[in-house]
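Here is how the chains run, residue by residue.
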Amino acid sequence: MDINIDKNIDTFEAYAEARMAEEKGDVSPMLLKKRHTMRVLANARNIIEAERPPLPLARATLLAALYHDVARFEQYLRYKSFRDAQTCNHGLLGIKIIKKEQMLAGENKNVAGLAMAAIGLHNRFALPAALAPSLLFAANVVRDADKLDILRVMDEHLGGPGPHNPAVVLSLPDDPLLHSEKALSAALSGHVASYSDLKSVNDFRLLLGTWFYEMHFETSRKRFREDGHALKLVSHISQNPVYARACAGILRDLAPNS
């Protein structure tokens, strides 16, 4: 589906560059978010190509993917952290920024409203019940596209030598002796673990693997397996006796023929 949002991309990039210019310290976490946004947008396009929604819904979904993390720049400038629970809700802050900067002023009112609603929902642990089908679709596309690229980011970051950037690993300690029983329980039951339950970087690796259980489209599930990022993240902790059982189930579900 050929949907041109180049003007919106220019708007996003100009905003991101302006905010990064304000950072007097380490700008790399903000640059990471800018690159992440473009990859999430590409992931969303791939899902839309497979699902073929009506054009207005497809456009709203792509706009939501483009602007889903627009608040991350302001969040980092204020707090030097991307951890919502300890700073602010970046989905809701994103809506405020979009309105203030009039980023969607040229869009159809319904398309813009749907895009902003999806942005406000994309970072929730679980979506509210009884959402309108169009909003459910847009939010789920963005959530899948977002997670698929976060896996790439985390695989690249955690695959290298430490120390790990605190902003990238949510300021979690890289201590092999720390683990979360709640995160283990979620993984063992085939559910997604919660950020609020994490106690260590290894818990984060486990959580990333559980995201497979919340992929909403076949395109997403196929990509999740084929990219191999989750496989490497989970394999890293699979020999740790604390995580072995939980990892075994995830690794089985990530096998190509499962």
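Keep in mind the model is a prediction, meaning the values are calculated, not measured.

(A) Fine view of the pattern of salt bridges. One pass over the full model with this rule turns up 17 salt bridges. Between Arg19 and Glu22 there is a salt bridge, with the nearest N and O atoms lying 2.8 Å from each other. Here Arg19 and its partner Glu22 are both found in helix α1 (residues 6–22), 3 residues apart, which amounts to about one turn of the helix. A salt bridge links Glu218 to Arg221, with the nearest nitrogen and oxygen atoms 3.3 Å apart. Note that Glu218 and Arg221 are positioned in helix α10 (residues 218–227) at a spacing of 3 residues, about one turn of the helix. For Arg221, a relative accessible area of 25% translates into the label partly exposed.

(B) How the structure looks around the layout of surface pockets. Taken as a whole, the largest pocket encloses approximately 710 Å³ of empty space. Forming the boundary of the largest pocket are 32 residues, of which Arg72, His90, Asn123, Tyr195 and Trp211 lie nearest the centre. Among the secondary structure elements, those contributing two or more residues to the lining of the largest pocket are α2 (28–51), α7 (133–158) and α9 (201–210). With 6 residues, α7 is the single largest residue contributor to the lining of the largest pocket. Considered class by class, the residues forming the lining of the largest pocket number 16 nonpolar, 6 polar and 10 charged. Every residue lining the second largest pocket is listed: Ser28, Leu31, Leu32, Arg35, His36, Arg39, Arg152, Val153, Glu156 and His157. Those elements that provide at least two residues to the lining of the second largest pocket are α2 and α7. Broken down by element, the lining of the second largest pocket gets its largest block of residues, 6 residues, from α2.

(C) Quick look at the packing of aromatic side chains. Within this structure, the stated rule accounts for 6 aromatic pairs. Plain terms: the ring middles of Phe212 and Tyr213 are 6.1 Å apart, the flat faces sit at 75° to each other, and that makes the pair edge-to-face. Site record: aromatic cluster; members linked through ring pairs are Phe212, Tyr213 and Phe224. Geometry around Tyr76 places Lys80 over its ring, the cationic atom sitting 5.5 Å from the centre.

(D) Here's a closer look at the nonpolar core. The biggest cluster of nonpolar side chains holds 53 residues, and the ones touching the most others in it are Ile5, Tyr67, Val70, Ile98 and Leu104. In terms of residue count, helix α3 (residues 55–67) provides more of this core than any other element does, 9 residues in total. Once you skip the residues sitting within four places of it in the chain, Ile5 turns out to touch Leu41, Arg45, Arg59, Leu62, Leu63 and Leu66. In this structure, Met154, Val192, Ala193 and Ile250 belong to the second largest nonpolar core, which totals 35 residues.

(E) Here's a closer look at helix α4 (residues 72–79). Here α4 lies mainly inside the structure; 6 of its 8 residues are buried. For α4, the set of buried residues is Arg72, Phe73, Glu74, Gln75, Tyr76 and Leu77. Where the residues of α4 are buried, they touch α1, α2 and α5 (90–101). Lys80 occupies a position one or two residues after α4 and carries a positive phi of about 55°.

(F) Examining the packing of α1 against α3 more closely. α3 packs onto α1 with a crossing angle of 15° between their chain directions and a minimal axis gap of 10 Å. Taken together, α1 and α3 sit at an angle that is classed as roughly parallel. Note on packing geometry: the crossing formed by α1 with α3 is right-handed. From α1, Asn8, Ile9, Thr11 and Phe12 reach across to α3, where they touch Arg59, Leu63, Leu66 and Tyr67. A per-class count over the contact of α1 with α3 returns 5 nonpolar, 2 polar and 1 charged.

Procedures and definitions
- Residues numbered from 1 in each chain as written.
- Predicted model: local features only at pLDDT ≥ 70, side-chain atom pairs only at ≥ 80, totals over all residues.
- Heavy atoms only, no water.
- Salt bridge = Lys/Arg side-chain N within 4 Å of Asp/Glu carboxyl O.
- Helix = DSSP H or I, 4+ residues; strand = E, 2+ residues; numbered from the N terminus.
- Buried < 20%, exposed > 50% of the residue type's maximum accessible area, 1.4 Å probe, protein only.
- 1 Å grid on protein atoms, 1.4 Å probe; cavity = no way out; pocket = protein on both sides within 12 Å on 5 of 7 lines; lining within 4 Å.
- Points joined across faces, edges and corners; volume = space filled by probe spheres on them.
- Nonpolar A, V, L, I, M, F, W, Y, C, P; charged D, E, K, R; others polar.
- Phe/Tyr/Trp six-rings, centres within 6.5 Å; stacked < 30°, edge-to-face > 60°.
- Lys NZ or Arg CZ within 6 Å of the ring centre and 35° of its normal.
- Core = buried A, V, L, I, M, F, W, Y, C linked by side-chain atoms within 4.5 Å.
- Contact = heavy atoms within 4.5 Å.
- Axes fitted to C-alpha atoms, helices over the stretch in contact; angles between N-to-C directions.
- Parallel < 35°, antiparallel > 145°, perpendicular 65-115°, else oblique.
- Left-handed = near helix turned anticlockwise from the far one by under 90°.

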